[in-house]
Amino acid sequence: MKRHWMWVFCYLLIFIFSAAAEKKPNILFVLADDQRWDELACEGEPFLQTPTIDRLAGEGLRFSNAYVNTAICMVSRASIFTGLTGRTHQWKPGSPESLPISDPILNTCFPLLLRQAGYRTGYFGKNHVSFTCGTDPAFETMFNSWRLISRNPYIKTLPDGSLRHCDELTGDRSVEFVETQPADQPFFLYMSFHTAHASDGDHRPGIGHYPWPKAEDGLYEDIVPPRPELDDPAIFEALPAFLKTSLNRTRYFWRWDTPEKYNTNMRARYRMITGMDRIIGRVLTALEERGLLDNTIVIYSADNGYYRAERGLAGKWSHFEEALHVPLIIWDPAMDRGLRGAKQEALAANLDVPSTILALADVPVPASYQGRSLLPFLRGEPPADWREDLFCEHHQMGEVIPAWSGIHGERYVYAVYDTQDPPVEFLHDLKTDPKQLVNLADNPEYRPILEEMRSLRKERLETYTAARIEKRPAKPAPETYRDGEVEFTGENYLRLSETPELLPDDSYRWSFEVNIDPQNKPGAVLLGNRKTPGAPGLTFMKITADRGVQFFSNGEKLILNAVIPRGRWVRVDLQKTGQAVTLLFDGKTAATGTLPFALPAMPCYLGGDPGVPREFARCMIRKAAFSE
């Protein structure tokens, strides 16, 4: 009898240990917005308080050479969803050839694969990616629980009248997700922050441009942020003219051009990041209270870097380190203690995130993915054949953001601004010039390196272009408008004749009748003008169902807030009489404003903006008329 019970006990132990071995880890992925690699206390940022992220770095593995392939939110975030470069997935709003993520690519997006493998999946916060099947159905497919939370406005008024930062709402939803997590199922949670993206439509320094959560009020008020190391005006003057007149320079004057503005905005930015750190801490506490933290892997990164006045620039987009270099921290409770707190210098990319997450979940990585799993580094087994360089590029928004592509290697960085006439090349040696202040492209001694980099770039361009999956384009629309009803299905638009240049004292009227589908998206463009290439900045006029009218030109704006009733025909008139602007619904004034700035001649569209598929409308439109 004793021997019988001994065997029962042994089988029980085997069962317990086998079950434990088969238990899949939970995964929490945190993505910051516009946060550069060194913008953390653990990376030496003066004054900044980020205790939660510092803990993850101190107990996890830090990839000190992590980069994005394209330094802009929408492309980078699409690359994380798909495991593909922007050149392959082709989602790049503001570019005429941009297409939403296709259904075949959606079928390989890592959250969907996790869900199919038995994971409970959640997504809360910012979205900047559009899918051919529509944003909402795609999220419905990928996630068990999700909520897209915009930053317009950053500070939300709740039904009870209280105010809440949009990222705090992301934290609230994430905590709810954790609190309702079944004990017998692994989860994947994606926290997608807006911090520390500026409020580009509000140029008031501090709370206007970088809105922070109320809990961080008063923080950093007594500190003087140090000016950046690359603040010498001579560094800006050495840049080619097309970079000196780009959107990088325009936005410098929004944020950093005076000591007062710089100090105020840096303090505000610090508060935003500390607020995000606090929100992440709330979720980790919820995981600990549920007993889930010991089996949860946390990955922290950002969608692109950021200029904080370095080189006389703002924003991101270009080829320098400030734009491309991002934080990447992986905290794994199963990690060997000898690796905890270590820095890994291997070149990592945003493309590696989806491969890594799938590998951690023991889910096969699609052959189409263009990144690699970082799991071997977490196990202390760096691959002998790890990459020595990365392909990077930016091809959006025409002349206001100069296009380029190139190679970021362990030592050398090469970029060619390929739409300039003639193209302009950069070559930097990070060993002798880590600040990228010297362009070696014309140095004869570096000619062999230059030729090698040219060849690598050409090869990657061909490889990533050839990997494109055929996409279903938007339905074609007729080039001329006839006075009948036109149906807009969320996939088509209609180009009209060009709206003439409108000076402040000019008069003009836009008129149409619209019957809006209840499923129409709030930001979908019913009628709009847009001109980006050749304009001094992003320039447009648009009428939307729930957000009224927006005029925007070179940083100046006018917004007429109004909601058009849905489910019936409504006549819409937008009348500009000199600088006075009036919006009317069925002949009744809905909103008024003053437009003191000029608008250039622009193409006019019904039903959408061809560069931004997610803004295509669902409605019927008739009797469109435009006159001076």
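All figures in this text were calculated on a predicted structure; none of them were measured in a lab.

Looking only at helices and strands, one finds 16 helices and 31 strands in the protein. Overall, the protein is about 95 × 70 × 55 Å in size when its C-alpha atoms are taken along their principal axes. Taking all 628 residues of the protein together, the buried fraction comes to 58%. Summarising the internal contacts of the protein: among those between residues at least 6 apart in sequence, 68% fall at separations of at least 24.

Mapped onto the elements of the fold, Gln370 is located in the loop between helix H14 (352–360) and helix H15 (375–378). At 3.0 Å, the side chain of Gln370 forms a polar contact with the side chain of Thr88. If we ignore the near neighbours within four places in the chain, the residues touching Gln370 are Gly83, Leu84, Thr85, Thr88, Leu351, Tyr464 and Ala467.

Taken together, the buried positions of helix H2 (residues 51–59) are occupied by Thr52, Ile53, Leu56 and Ala57. Angularly, the buried residues of H2 cover 140 degrees about the axis, an arc narrow enough to put them on a single face. Summarising the contacts, the buried residues of H2 are in contact with strand S2 (61–63), helix H12 (259–289), strand S9 (296–302) and strand S13 (328–331).

Read across the sheet, 4 strands follow the order S16-S17-S18-S19 without closing on themselves; strand pairing throughout is antiparallel. Each edge of the open sheet is held by one strand with a lone partner, namely strand S16 (389–394) and strand S19 (424–429). Strand-to-strand, the axes of this sheet are offset by a mean angle of 10 degrees, without reference to chain direction. Sheet topology note: the strand S18 (residues 412–417)/S19 ladder contains 6 bridges and is antiparallel. The partner of Val413 across the bridge, within S19, is His428.

Looking at the element boundaries, Leu503 is found in the loop between strand S21 (494–499) and strand S22 (507–516). On the basis of relative accessibility, which here comes to 40%, the residue Leu503 falls in the partly exposed class. Taking the C-alpha atoms as reference points, Leu503 and Leu595, separated by 92 residues in sequence, lie 9.6 Å from one another. Excluding its chain neighbours within four sequence positions, the residues that come into contact with Leu503 are Lys576 and Ala598.

For the rest of this paragraph, the subject is unusual backbone geometry. Negative phi values dominate among residues other than glycine, just as trans dominates among peptide bonds. Note the cis peptide between Asn152 and Pro153, where omega equals 5 degrees. Assignment of secondary structure puts Pro153 in the loop between strand S5 (145–148) and strand S6 (155–157). Going from Thr195 to Ala196, the amide bond is cis rather than trans, its omega being 10 degrees. Looking at the secondary structure, you find Ala196 in the loop between strand S8 (187–192) and helix H9 (233–237). Phi angles above zero are rare outside glycine, and Phe47 is one such case at about 75 degrees.

Further remarks concern the packing of helix H11 (residues 247–255) against H12. It is the contact of H11 with H12, at a shortest axis distance of 8 Å, that shows an interaxial angle of 85 degrees. By the angle between their directions, the pair H11 and H12 is classed as roughly perpendicular. Across the interface between the two elements, Phe253, Trp254 and Arg255 from H11 touch Lys261, Tyr262 and Asn265 from H12. For the contact of H11 with H12, a count of residues per class yields 3 nonpolar, 1 polar and 2 charged.

Grouped together as the largest cluster of nonpolar side chains are 130 residues, with contacts concentrated most on Phe81, Phe131 and Phe188. Top element by residues in this core is H12. It accounts for 13 residues. Excluding anything up to four places from it in sequence, Phe81 contacts Cys109, Phe110, Pro111, Tyr123, Asn127, Val129, Phe131, Phe139, Met142, Phe143, Tyr190 and Tyr369. In terms of nonpolar packing, the next biggest core, distinct from the first, is built from 39 residues, Ala545, Leu599, Met602 and Cys619 among them.

As enumerated under the stated definition, the model contains 30 aromatic pairs in all. Ring centres 5.5 Å apart and planes at 85 degrees place the aromatic pair Tyr252 and Phe253 in the edge-to-face group. Residues Trp404 and Tyr417 carry aromatic rings whose centres are separated by 6.3 Å and whose planes lie at 40 degrees to one another, so their mutual orientation is tilted. In this pair, Trp404 is assigned in strand S17 (residues 404–409) and Tyr417 in strand S18, connecting sequence segments 13 residues apart. For Trp404, a relative accessible area of 1% gives the class buried. The ring of Phe177 carries Arg120 above its face, with NZ or CZ at 3.9 Å from the centroid. Of note, Arg227 hangs over the ring of Tyr262, and the distance from its end group to the ring centre comes to 4.2 Å.

This part is about H11. Because the α-helix completes a turn every 3.6 residues, residues three or four places apart line up on one side. Burial within H11 is extensive, with 7 of its 9 residues counted as buried. Buried within H11 are the following residues: Leu247, Asn248, Arg249, Arg251, Tyr252, Trp254 and Arg255. On its buried face, H11 sits against H9, helix H10 (241–244), H12, strand S10 (307–308) and strand S11 (314–315).

Next up on the list: the sheet that holds strand S1 (residues 26–32). Across the sheet, which stays open at both edges, the 8 strands sit in the order S5-S4-S8-S1-S9-S13-S2-S14 with mixed pairing between neighbours. Among the strands making up the open sheet, the edge pair consists of S5 and strand S14 (342–344). Within the sheet, the average angular offset between the axes of one strand and its neighbour, ignoring direction, is 15 degrees. The sheet contact formed by S1 and S8 spans 5 bridges and is parallel. Across the sheet, Leu31 pairs through a bridge with Ser192, a residue of S8. Each of S2, S9 and S13 is contacted by H2, which is oriented at about 70 degrees to S13, the strand it contacts most. In the packing of H14 onto the sheet, the strands contacted are S1, S8, S9 and S13, and the crossing angle to S1 comes to about 165 degrees.

With that settled, the discussion passes to the confidence of the model for the protein. When pLDDT is averaged along the protein, the result is 90, and 91% of the positions lie at 70 or above. Throughout residues 7–21 the model reports pLDDT below 50, and contacts reaching past four residues in sequence, or to other chains, amount to 0 contacts. Here residues 472–480 is a poorly scored stretch, pLDDT under 50, and it has 16 contacts once near neighbours within four places are set aside; other chains count.

Applying the stated rule across the entire model yields 46 salt bridges. Note that Glu425 is salt-bridged to Arg454, the shortest N-O span being 2.7 Å. On the criterion of sequence distance, the pair formed by Glu425 in strand S19 and Arg454 in helix H16 (residues 447–466) is long-range, its members being 29 residues apart. A relative accessible area of 26% means that Arg454 is categorised as partly exposed.

Cut-offs used in this document
- Residues numbered from 1 in each chain as written.
- Predicted model: local features only at pLDDT ≥ 70, side-chain atom pairs only at ≥ 80, totals over all residues.
- Heavy atoms only, no water.
- Helix = DSSP H or I, 4+ residues; strand = E, 2+ residues; numbered from the N terminus.
- Buried < 20%, exposed > 50% of the residue type's maximum accessible area, 1.4 Å probe, protein only.
- Contact = heavy atoms within 4.5 Å.
- Polar contact = N/O pair within 3.5 Å; in protein donor to acceptor, adjacent residues only side chain to side chain.
- Arc of directions from axis to C-beta.
- Pairing = 2+ DSSP bridges.
- Axes fitted to C-alpha atoms, helices over the stretch in contact; angles between N-to-C directions.
- Parallel < 35°, antiparallel > 145°, perpendicular 65-115°, else oblique.
- Nonpolar A, V, L, I, M, F, W, Y, C, P; charged D, E, K, R; others polar.
- Core = buried A, V, L, I, M, F, W, Y, C linked by side-chain atoms within 4.5 Å.
- Phe/Tyr/Trp six-rings, centres within 6.5 Å; stacked < 30°, edge-to-face > 60°.
- Lys NZ or Arg CZ within 6 Å of the ring centre and 35° of its normal.
- pLDDT = per-residue confidence, 0-100.
- Salt bridge = Lys/Arg side-chain N within 4 Å of Asp/Glu carboxyl O.

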